[in-house]
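# Architecture at a glance
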Amino acid sequence: MFRLGAHVSISGGLHRAVEREEETGGNCGQIFVGSPRGWKVKQPDEEDAKRFRELAEKKDIKPWIVHSTYLINLATPKEELGNKSLETMQAEIDATSKLGIPYYVFHPGAHTGAGVERGIENVAERLSKLEIHDDVKVLLENTAGKGTTLGQTFGELSRMIDISDCGYEKLGVCLDTCHMYSGGYDFSTEGKLEELLDKLEKNVGLKNVHFLHLNDSKYSFASEKDEHEHIGEGKIGERGFRLFVNHKKLRDKPMVLETPVDERGFAWNISKVKEIRN
Ligand SMILES: [Zn+2]
Ligand SMILES: [Zn+2]
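My aim in this report is to walk through the structure given alongside it, one point at a time. (Residues numbered from 1 in each chain as written. Chains lettered and ligands numbered in written order. Predicted model: local features only at pLDDT ≥ 70, side-chain atom pairs only at ≥ 80, totals over all residues. Heavy atoms only, no water.)

## As for the pattern of salt bridges
The final tally for this structure, using the stated rule, is 15 salt bridges. Here Lys272 makes a salt bridge to Glu238, at a shortest N to O gap of 2.9 Å. You can see Lys272 sitting in helix 10 (residues 265-276) and its partner Glu238 sitting in helix 9 (residues 237-246), a full 34 residues away along the chain. Owing to a relative accessible area of 12%, Lys272 belongs among the buried residues under this scheme. (Salt bridge = Lys/Arg side-chain N within 4 Å of Asp/Glu carboxyl O. Helix = DSSP H or I, 4+ residues; strand = E, 2+ residues; numbered from the N terminus. Buried < 20%, exposed > 50% of the residue type's maximum accessible area, 1.4 Å probe, protein only.)

As structure tokens, then:
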């Protein structure tokens, strides 16, 4: 079954996320459990968590994924920022488990001058300190690679996982199409997409990719800029997405949209993806 949804708000209560997903035409989804630009995470109370789980089950809207706040940085050489990041991540992972959500995704962060190697080691060492519950997989998201941001290449992502004590038992990868394209992975032709999937298989392994973020890119190929565009309306274009969402190695993975919310909104993008899906 094709699982396609969008990033929705939990304002008004966690169960509202399920209702919003249904309204946009999605059948899986992504949420933040706290403020995307804050450090504080409030644990969901038992009632709210139960209501969310039951409604998602009843409406068959799943799987869900929790996106981390944007502030965390596991690659940082700064001890204090690293510790603060770990604390917030742990709280978010605890909340993810309470909600019965199987995936949690975060951006590895920036080394801010410490060097790529040191940054990768920092991510791996800090990941090893997390308590990752058996019912949650923590996913590393690929990035566009701006500045000293790590995780632009599949090689960097797989090194972080390999060096950590967690392994693929606890960790995995979430791929963002905008970040791949602006980060230097082309999939605008069948040949290019096959090349990309070969690199992915060699470095991370396709079975370790558990979720996909579908976003077109406002900026051109390898620009390293991270700004999302409506599906088919950006530099990737309809042709690239047609190849991507239909490929036999990708089509069974759950996909969520993080496209701009303007007059088009998520419902438009969901219809667009369904239209190009074979
Ligand atoms: Zn993300
Ligand atoms: Zn992005």
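That covers the picture; the talk isn't over yet.
## Let's talk about the sheet that holds strand 6 (residues 171-176)
Taken together, eight strands build a closed barrel; the order of strands is 1-2-3-4-5-6-7-10 and the barrel is parallel. Across the sheet, the mean angle separating the axes of adjacent strands is 30° when strand polarity is ignored. (Pairing = 2+ DSSP bridges. Axes fitted to C-alpha atoms, helices over the stretch in contact; angles between N-to-C directions.)

## A closer look at the coordination of the zinc ion (ligand 1)
Protein coordination of the zinc ion (ligand 1) is provided by His67 (NE2), His107 (NE2) and Glu141 (OE), with donor distances spanning 2.1 to 2.2 Å. Each donor residue of the zinc ion (ligand 1) lies on the same chain, and together they follow the pattern H-x39-H-x33-E. Here the zinc ion (ligand 1) and the zinc ion (ligand 2) are spaced 5.6 Å apart. One end of the pair, His107, is in the loop between strand 4 (103-106) and helix 4 (116-127); the other, Glu141, is in strand 5 (residues 137-141), and 34 residues separate them in sequence. (Donors = N, O, S within 2.8 Å, 3.2 Å for Na, K, Ca; no water.)

## Notes on the nonpolar core
Counting residues in hydrophobic clusters, the biggest one holds 71 residues, and the most contacted among them are Ile31, Trp64, Leu127 and Leu214. When residues of this core are assigned to their parent elements, the largest contribution, five residues, is made by helix 3 (residues 79-98). Non-local contacts of Leu127, meaning those with residues more than four positions away in its chain, are made with Leu74, Phe106, Val138, Leu140, Ser164, Cys166 and Leu171. In this structure, Cys28, Ile65, Leu139 and Cys174 belong to the second largest nonpolar core, which totals eight residues. (Core = buried A, V, L, I, M, F, W, Y, C linked by side-chain atoms within 4.5 Å. Contact = heavy atoms within 4.5 Å.)

## Section: the packing of helix 4 against helix 5 (residues 154-163)
Their axes nearest at 8 Å, the elements helix 4 and helix 5 cross at an angle of 50°. It follows that helix 4 is oblique to helix 5 by the angle criterion. The chirality of how helix 4 crosses helix 5 is right-handed. Facing Val116, Glu117, Ile120, Val123 and Ala124 of helix 4, the residues of helix 5 in contact are Glu156, Arg159, Met160 and Ile163. Considered class by class, the residues forming the contact of helix 4 with helix 5 number six nonpolar, no polar and three charged. (Parallel < 35°, antiparallel > 145°, perpendicular 65-115°, else oblique. Left-handed = near helix turned anticlockwise from the far one by under 90°. Nonpolar A, V, L, I, M, F, W, Y, C, P; charged D, E, K, R; others polar.)

## With respect to unusual backbone geometry
The omega angle of the peptide bond from Lys62 to Pro63 is 0°, so this bond is cis rather than trans. When you line up the elements, Pro63 lands in the loop between helix 2 (46-58) and strand 3 (64-67). At Asp60, a position not held by glycine, the phi torsion is positive, near 55°. When its relative accessible area of 31% is taken as the criterion, Asp60 is described as partly exposed. The backbone phi angle of Thr112 is positive, close to 40°, even though this residue is not glycine. With respect to the secondary-structure elements, Thr112 resides in the loop between strand 4 and helix 4.

That is the geometry; function is a separate question.
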